[in-house]
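Fold and geometry: a report
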Amino acid sequence: MTDIELKENINMKRFSIASLSAFVLVGTVPFINQVPGIAPVWQSTSAVAQSNNKKPQLELRLEAKKQVIVKDKEGKEVKTWEALQGQASVKPGDILQYTLTGSNKSDRPIKNLTLNQPIPKQMVYVLKSTRTSNDGKITYSIDNQRTFVENPTVEVTRKGKVEIEPAPATAYTHIRIQVPSVPGKATVTATYETQVR
């Protein structure tokens, strides 16, 4: 298998992945920027995976929506999602829903696709919010990608006794989505939510 490198362009709009094996892709793309003292800014981004012959194989696209709560005619609160396009400011407490779409641009299937998504430091993962198509397996890291498990746990000491508990949302650092196969000309999608700190 060939190692894959992800090179971030300065404007955070386009990414390229070089030396892609036809069988595996690992993409780790930070999609949120923050300037100190200013609310985080959303920028729509995409990544293009290329094979050794430089023909696009898998195109990755990340889109975000912000949760908006409105009142209906009876005064009940209704949650809706508003697309964030271009650059959009968000504020602490806002919930964002990300949709990662991988489109196989070739006629051949891509086997054992692995996508790693970081949870930006300005965000907290919304527990149990990840969904995926194509029978994708979802695992999480709380140690910056050293390990991935389905249900992360932490050790907590109470009154001198060590107990194992589910990891808090603030501990999550990455989401990993593993898809056995993406057929030619097909897409795979994953959605997850974060809350702005």
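Residues numbered from 1 in each chain as written. Predicted model: local features only at pLDDT ≥ 70, side-chain atom pairs only at ≥ 80, totals over all residues. Heavy atoms only, no water.

Here's the deal with the side chain of Ser141
Assignment of secondary structure puts Ser141 in strand β14 (residues 137-141). On the basis of relative accessibility, which here comes to 0%, the residue Ser141 falls in the buried class. Looking at Ser141, its side chain comes within polar contact range of the main-chain nitrogen of Gln145, at 2.9 Å. Among the polar contacts made by the side chain of Ser141, one reaches the main-chain carbonyl oxygen of Thr147 at a distance of 3.0 Å. In this structure Ser141 touches Arg146, Thr147, Phe148, Ala171, Tyr172, Thr173 and His174, once residues within four positions along its chain are discounted. (Helix = DSSP H or I, 4+ residues; strand = E, 2+ residues; numbered from the N terminus. Buried < 20%, exposed > 50% of the residue type's maximum accessible area, 1.4 Å probe, protein only. Polar contact = N/O pair within 3.5 Å; in protein donor to acceptor, adjacent residues only side chain to side chain. Contact = heavy atoms within 4.5 Å.)

A short note on the nonpolar core
Formed by 29 residues in total, the largest nonpolar core has its most connected members in Leu96, Tyr98, Leu113, Tyr125, Ile175 and Tyr192. Listing elements by their share of this core, those giving two or more residues are β7 (56-71), β10 (95-104), β11 (110-118), β12 (123-125), β14, β17 (174-182) and β18 (187-196). Once you skip the residues sitting within four places of it in the chain, Tyr192 turns out to touch Leu62, Leu96, Gln97, Tyr98, Gln117, Pro118, Ile119, Tyr125, Ser129, Thr130 and Ile175. (Core = buried A, V, L, I, M, F, W, Y, C linked by side-chain atoms within 4.5 Å.)

Overview of the packing of aromatic side chains
Under the criterion given, the structure shown has four aromatic pairs. Here the aromatic rings of Tyr98 and Tyr192 are separated by 5.1 Å at their centres, their planes lie at 25°, and the arrangement is stacked. In this pair, Tyr98 is assigned in strand β10 and Tyr192 in strand β18, connecting sequence segments 94 residues apart. Note on accessibility: Tyr98 and Tyr192 belong to one class, buried. Look at Tyr140 and Tyr172: their rings are 5.2 Å apart centre to centre, the planes differ by 65°, and that puts the pair in the edge-to-face class. Here Tyr140, found in strand β14, pairs with Tyr172, found in the loop between β16 (161-166) and β17; they are 32 residues apart in sequence, far enough to count as distant. The two residues Tyr140 and Tyr172 agree in class, both being buried. Ring-pair connections join several aromatic residues into one group, and the members of that group are Tyr125, Tyr140 and Tyr172. Arg176 extends its terminal NZ or CZ atom over the ring of Phe148, reaching a point 3.8 Å from the ring centre. (Phe/Tyr/Trp six-rings, centres within 6.5 Å; stacked < 30°, edge-to-face > 60°. Lys NZ or Arg CZ within 6 Å of the ring centre and 35° of its normal.)

Description of the pattern of salt bridges
For the structure shown, the criterion picks out six salt bridges. Residue Glu59 is joined to Lys105 by a salt bridge in which the shortest nitrogen-to-oxygen separation is 3.9 Å. Of this pair, Glu59 sits in strand β7 while Lys105 is found in the loop between β10 and β11, placing the two residues 46 residues apart along the sequence. Between Arg61 and Glu63 there is a salt bridge whose closest N-O contact spans 3.3 Å. Residue classification places Arg61 among the partly exposed positions, given a relative accessible area of 36%. By relative accessible area, which is 39% here, Glu63 ends up partly exposed. Here the salt bridges share partners, and the residues they tie into one network are Arg158, Glu163 and Glu165. (Salt bridge = Lys/Arg side-chain N within 4 Å of Asp/Glu carboxyl O.)

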